[in-house]
Amino acid sequence: MSKRNGSFEPTGLTVTYNKLGSITVDELKHAIIEDLNILKDIYNIQYVRPARLKVYPVDEYGNEVKVKRPGGGRVHLMDTYHLRPMCKDYDL
């Protein structure tokens, strides 16, 4: 006997790039831009909440590469601060 109270519907939208394998950053950039354009043009998505992009840096042979700061030390999280006011009145 199941104890479920209804159907599960996930929130958000996941775009995966698993089948691409090891690719260059420029190729990934192109794929992401194309997918964002598809979301906008075909699915009419105009706004999104903050998103997360997780990358697995590798060398040309597919071996893991540790990301280090120029001054030393590993980097595990990179926050981006692309600020834009919520109100469209501020668009110039």
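Along each chain, residue indices are assigned from 1 in the same order as the chain's sequence is written. Local features in this predicted model are restricted to residues of pLDDT 70 or higher, and side-chain atom pairs are both shown and tallied only at a pLDDT of 80 or more, whereas totals for entire chains, interfaces and linings draw on every residue. No hydrogens and no water enter the side-chain calculation; it runs on all heavy atoms of the structure.

Details of the overall build of the protein
Under the scheme used here, helices are H or I runs from DSSP no shorter than 4 residues and strands are E runs no shorter than 2 residues, and both carry numbers assigned from the N terminus. A count of helices and strands for the protein gives one helix and zero strands. Accessibility here uses a 1.4 Å probe with only protein chains present; expressed as a share of the type maximum, an area under 20% marks a residue as buried, one over 50% as exposed, and anything in between as partly exposed. Burial status across the protein gives 2% buried among its 92 residues. Within the protein, contacts between residues at least 6 apart in sequence are counted, and of these 17% link residues at least 24 apart. Here the protein displays about 10100 Å² of accessible surface, and carbon together with sulfur accounts for 55% of that area. We call two residues contacting when some pair of their heavy atoms lies within 4.5 Å. Note on areas: these come from Shrake-Rupley sampling with a 1.4 Å probe, and a residue is covered only by the protein chains present in the view.

Notes on the environment of Gly 73
With respect to the secondary-structure elements, Gly 73 resides in the segment after helix H1 (25–41). If sequence neighbours within four positions are ignored, Gly 73 has contacts with Val 67 and Lys 68.

Remarks on unusual backbone geometry
Phi is positive for Asn 44, close to 55°, though the residue is something other than glycine. You can see Asn 44 is positioned in the segment after H1. Judged by its relative accessible area of 56%, Asn 44 is exposed.

Some points on a nonpolar patch on the surface
What goes into a patch is any residue over 30% in relative accessible area without a salt bridge, connected to like charges within 9 Å or, for nonpolar side chains (Val, Leu, Ile, Met, Phe, Trp, Tyr), within 5 Å. Whenever a carboxyl oxygen of Asp or Glu lies within 4 Å of a side-chain nitrogen of Lys or Arg, that contact is scored as a salt bridge. Taken together, the side chains of Leu 13, Val 15, Ile 38, Ile 42, Tyr 43, Ile 45 and Val 48 present a nonpolar region at the surface, about 700 Å² in accessible area. Residue placement: Tyr 43 occurs in the segment after H1.

Some points on the environment of Val 55
Tracing the backbone shows Val 55 in the segment after H1. Residue classification places Val 55 among the partly exposed positions, given a relative accessible area of 46%. Between the C-alpha atom of Val 55 and that of Val 25, which follows or precedes it by 30 residues, the distance is 9.8 Å.

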